[in-house]
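Residue-level structural notes
The primary structure of each chain is shown beneath.
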Amino acid sequence: MLKSLSLVALLAAGPAFATGLEVQVAGEANGTIKIDLFEDVAPAHVEQITALAAEGQYDGVVFHRVIEGFMAQTGDVEFGKAGGDMSAAGRGGSSRPDLPAEFSDLPFDRGVVGMARSQNPNSANSQFFIMFDAGHFLNGQYTVVGKVTEGMDVVDAIKLGTGGNGAVIGQPDAMTKVTVTE
């Protein structure tokens, strides 16, 4: 209850929502991905990721889990920084609280951005994924936060994982700079 009240207070005190993210990617994929964020669908999740982006927390974070024909996952601001020990990438989050699920009727189609989580539906924090193709089995199970509006060619070029569960072996592609857009 106290955690929920804190989240409500944080949202009420926060700035007006931005409408998107501009993600600079480097590695096998090089270029810009533009994402329209759905603050009307998932306001708490959008507030969290835009705050993390505005603080520069996503800068230098790798795409640690990339599964061909499925999705590219990134956003581990705790363990997913390029150049660090990548053995725990995908297990971390941010210093902010985990979020209650904000499920919607929006389908997980190509280009949709969703929040990653553990088995607990109310555990999304900083990690997110971009769909390479439709994954409707995720519908109603994960929070949809946005959709790629430009740069799907960059998404398609992200280095694929070959390890267990799509783990990227060697040097993964990274988000070099993530900017909040109006």
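What counts and what doesn't
- Residues numbered from 1 in each chain as written.
- Predicted model: local features only at pLDDT ≥ 70, side-chain atom pairs only at ≥ 80, totals over all residues.
- Heavy atoms only, no water.
- Salt bridge = Lys/Arg side-chain N within 4 Å of Asp/Glu carboxyl O.
- Helix = DSSP H or I, 4+ residues; strand = E, 2+ residues; numbered from the N terminus.
- Buried < 20%, exposed > 50% of the residue type's maximum accessible area, 1.4 Å probe, protein only.
- 1 Å grid on protein atoms, 1.4 Å probe; cavity = no way out; pocket = protein on both sides within 12 Å on 5 of 7 lines; lining within 4 Å.
- Points joined across faces, edges and corners; volume = space filled by probe spheres on them.
- Nonpolar A, V, L, I, M, F, W, Y, C, P; charged D, E, K, R; others polar.
- Contact = heavy atoms within 4.5 Å.
- Core = buried A, V, L, I, M, F, W, Y, C linked by side-chain atoms within 4.5 Å.
- Polar contact = N/O pair within 3.5 Å; in protein donor to acceptor, adjacent residues only side chain to side chain.
- Phe/Tyr/Trp six-rings, centres within 6.5 Å; stacked < 30°, edge-to-face > 60°.
- Expected span 1.5 Å × (residues − 1).

What follows concerns the pattern of salt bridges. The tally for this structure, following the rule as stated, stands at five salt bridges. The salt bridge partner of Lys 34 is Glu 150, with a shortest N-O separation of 3.9 Å. Here the residue Lys 34 occupies a position in strand 2 (residues 31-37), and Glu 150 occupies one in strand 8 (residues 144-150), the gap between them amounting to 116 residues. By relative accessible area, which is 29% here, Lys 34 ends up partly exposed. Judged by relative accessible area, which is 45%, Glu 150 ranks as partly exposed.

If you add up the space inside the largest pocket, you get close to 610 Å³. What lines the largest pocket is a set of 31 residues, among which His 64, Arg 65, Gln 73, Gly 90 and Gln 127 lie closest to the centre. Across the lining of the largest pocket, the residue classes tally to 14 nonpolar, 13 polar and four charged.

Locating Asp 156 in the fold gives a position in helix 3 (residues 152-156). If sequence neighbours within four positions are ignored, Asp 156 has contacts with Arg 110 and Phe 132.

Counting residues in each nonpolar core, the largest one holds 33 residues, and the members touching the most others are Ile 33, Ile 35 and Tyr 58. Among the secondary structure elements, those contributing two or more residues to this core are strand 1 (20-26), strand 2, helix 2 (43-54), strand 6 (112-115), strand 7 (128-131), strand 8, helix 3 and strand 9 (174-181). The element contributing the most residues to this core is helix 2, with four residues. For Ile 35, the residues in contact, after removing those within four places along its chain, are Thr 19, Gly 20, Leu 21, Val 23, Val 113, Ile 130, Lys 147, Val 148 and Thr 149. Membership of the second largest hydrophobic core comes to 10 residues, among which are Phe 38, Ala 116, Leu 138 and Val 144.

Mapping His 45 onto the fold places it in helix 2. Among the residues examined, His 45 registers a relative accessible area of 0% and is labelled buried. There is a polar contact of 2.4 Å between the side chain of His 45 and the side chain of Glu 102. In this structure, His 45 is in contact with Leu 99, Pro 100, Ala 101, Glu 102, Met 115, Ala 124, Thr 143 and Val 145, ignoring residues within four places of it in sequence.

Scanning all chains against the criterion turns up four aromatic pairs. Considering the side-chain rings of Tyr 58 and Phe 128, the 5.5 Å spacing of their centres and the 90° angle between planes classify their relative orientation as edge-to-face. Separated by 70 residues along the polypeptide, Tyr 58 in the loop between helix 2 and strand 3 (61-62) and Phe 128 in strand 7 bring together distant segments of the chain. Residue Tyr 58 shares its accessibility class with Phe 128, and that shared class is buried.

Looking now at helix 2. A rise of 1.5 Å per residue sets the reference length of helix 2, with its 12 residues, at 16 Å; its end C-alpha atoms lie 16 Å apart and thus fit the reference within 8%. Of all the 12 residues making up helix 2, 10 are buried; the element is thus mostly covered by neighbouring parts of the structure. Along helix 2, the residues classified as buried are Ala 44, His 45, Val 46, Glu 47, Gln 48, Ile 49, Thr 50, Ala 51, Leu 52 and Ala 53. The first or second residue beyond helix 2 is Gly 56, which carries a positive phi of 80°.

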